[in-house]
Amino acid sequence: MKKNIPIMNDDSEIVRYNNINIPYYVAEGRLFWFDNHKAICHWHNDFEIIRIISGHMHYYIDGKEVLLNTDDILLVNSERMHYGYGNTNADCHFVCYLINPMLLACNNSFLYEKIIQPIIHCGITHWILDNQYPAHQSALSLLDTIFTINNDKTNCYEFQTVHLFHSFIYEFYTTASFVIDGSATSVDQTLLRKMILYIHQNYKYDIQIEDIANSINVSRTTCCKLFRTISSTPIQFLNQYRLELAYNLIIRSEMNITTIAHEVGFNDSGYFTRRFKLKYGISPKELSKSFK
């Protein structure tokens, strides 16, 4: 079964932390779990760290694309549009870590204003840790330990995880020489983000490319050009988003399939079923039965 990234109907991913009371997430992943080896473009408040265990992954962050190789570490800044994908059918084994800034320091606290806020608002979209520097090995060790203790669920592992995340950010913050800066967000990416937000807020309606373009006062041609930067068309993105929402409603609500289809913007339940099965390899009804 394909994997999906749960998306809210506003502007962000639904981040399901390992423990709802502690805002961090640790999980391994495989590119082949995603439809066409590509996650949907999304963003969230959390810092995202990708640690490549084996293989290669292309990663898009606010208009810039990077290639990640085995043992690379990518840190994506808060509130940046991003997704990982593969250009071939080759798999990539990775671990994804999400850290809510509030886990590192309370909002409006001295530490938040001195350390965390400057990172978030520095204008840099991402950093790749350079494996030529010793600090890279230290960061790898910290991330691997976090993954191991969260798998084994050792005594007080949550407390230890929070401590290790603080150590990781300390390494990152105090050893700037081992970090390669990414680029700041461009005007085009800001426009794209606004159109994606329009889709998030209006997916239930019969919206067309012209509606998406008009939401930010650009031409249809410009709209399509901006969506091509994330290897999509406006309508492909809209339908993929609708299907992601439908998947989550099927496994987490009591609504019937026809109601869910209409809820996410598909007026023809038969067409919805065909598109859903094409994307996930399973029909909505079959998926619903597997979670009951």
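Residues numbered from 1 in each chain as written. Predicted model: local features only at pLDDT ≥ 70, side-chain atom pairs only at ≥ 80, totals over all residues. Heavy atoms only, no water.

On the secondary structure map, Ile120 appears in helix α2 (residues 110-120). Each C-alpha atom, one on Ile120 and one on Glu263, is 35 Å from the other, the two residues being 143 residues apart in sequence. Setting aside chain neighbours within four positions, we find Ile120 in contact with Phe47, Asn77, Ser78, Arg80, Pro101 and Tyr112. (Helix = DSSP H or I, 4+ residues; strand = E, 2+ residues; numbered from the N terminus. Contact = heavy atoms within 4.5 Å.)

Take helix α10 (residues 269-280) next. Between its first and last C-alpha atoms α10 spans 16 Å; for twelve residues at 1.5 Å apiece the expected length is 16 Å, and the two agree. Buried within α10 are the following residues: Phe272, Phe276, Lys279 and Tyr280. Axial view of α10: buried residues confined to an arc of 75 degrees, hence all on one face. Of the residues in α10, the exposed ones pointing more than 90 degrees away from the buried face are Arg274 and Leu278. Elements that come into contact with the buried residues of α10 comprise α8 (234-252), α9 (257-263) and α11 (284-290). Where α10 begins, one side-chain oxygen reaches toward the backbone nitrogen of Gly270, 2.9 Å away; that side chain belongs to Asp268. Of the residues trailing α10, Gly281 is marked for its positive phi of about 75 degrees. (Expected span 1.5 Å × (residues − 1). Buried < 20%, exposed > 50% of the residue type's maximum accessible area, 1.4 Å probe, protein only. Arc of directions from axis to C-beta. Polar contact = N/O pair within 3.5 Å; in protein donor to acceptor, adjacent residues only side chain to side chain.)

This next bit is on the pairing of strand β7 (residues 92-99). Of all eight residues in β7, eight are buried; the element is thus mostly enclosed. Burial of β7 is two-sided: the residues Cys92, Phe94, Cys96 and Leu98 facing one way and the residues His93, Val95, Tyr97 and Ile99 facing the other way are all buried. In terms of strand pairing, strand β1 (residues 24-30) meets β7 through seven bridges, oriented antiparallel. Counterpart to Arg30 in the pairing with β7 is His93. (Pairing = 2+ DSSP bridges.)

Attention now moves to the packing of aromatic side chains. Taken as a whole, this structure holds 14 aromatic pairs when the rule is applied. With a centroid separation of 4.7 Å and 50 degrees between ring planes, the pair formed by Tyr247 and Tyr280 is classed as tilted. Residue Tyr247 is located in helix α8, and its partner Tyr280 is located in helix α10; the two are separated by 33 residues in the primary sequence. For the pair formed by Tyr247 and Tyr280, the shared burial category is buried. Every member of this aromatic cluster is reached through a ring pair, and the members are Tyr247, Phe266, Tyr271, Phe272, Phe276 and Tyr280. (Phe/Tyr/Trp six-rings, centres within 6.5 Å; stacked < 30°, edge-to-face > 60°.)

Here we take up the confidence of the model for the protein chain. Per-residue confidence for the protein chain gives a mean pLDDT of 86; residues scoring 70 or more make up 91%. Low pLDDT (under 50) marks residues 7-12, which in the prediction has 25 contacts with non-local residues, meaning those over four places away or in another chain. (pLDDT = per-residue confidence, 0-100.)

A separate point is the packing of helix α3 (residues 134-152) against helix α4 (residues 157-174). Running from N to C, α3 and α4 point in directions that differ by 165 degrees, and their axes come no closer than 10 Å. Taken as axis vectors, α3 and α4 run roughly antiparallel relative to one another. The element α3 and its partner α4 pack so that their crossing is left-handed. Packed against α3, whose contacting residues are Ala135, Ser138, Ala139, Leu142, Leu143, Thr145, Ile146, Ile149 and Asn150, the element α4 presents Tyr157, Gln160, Thr161, Leu164, Phe165, Ser167, Phe168 and Glu171 at the interface. Of the residues in the contact of α3 with α4, the class split is ten nonpolar, six polar and one charged. (Axes fitted to C-alpha atoms, helices over the stretch in contact; angles between N-to-C directions. Parallel < 35°, antiparallel > 145°, perpendicular 65-115°, else oblique. Left-handed = near helix turned anticlockwise from the far one by under 90°. Nonpolar A, V, L, I, M, F, W, Y, C, P; charged D, E, K, R; others polar.)

By the element assignment, Asp46 lies in the loop between β1 and β2 (47-55). Put simply, Asp46 is tucked away with no salt bridge, and the nearest opposite charge, on Arg193, sits 11 Å away. Polar side-chain contacts of Asp46 include one of 3.2 Å to the backbone nitrogen of Asn100. (Lys, Arg positive; Asp, Glu negative; His and termini not counted. Salt bridge = Lys/Arg side-chain N within 4 Å of Asp/Glu carboxyl O.)

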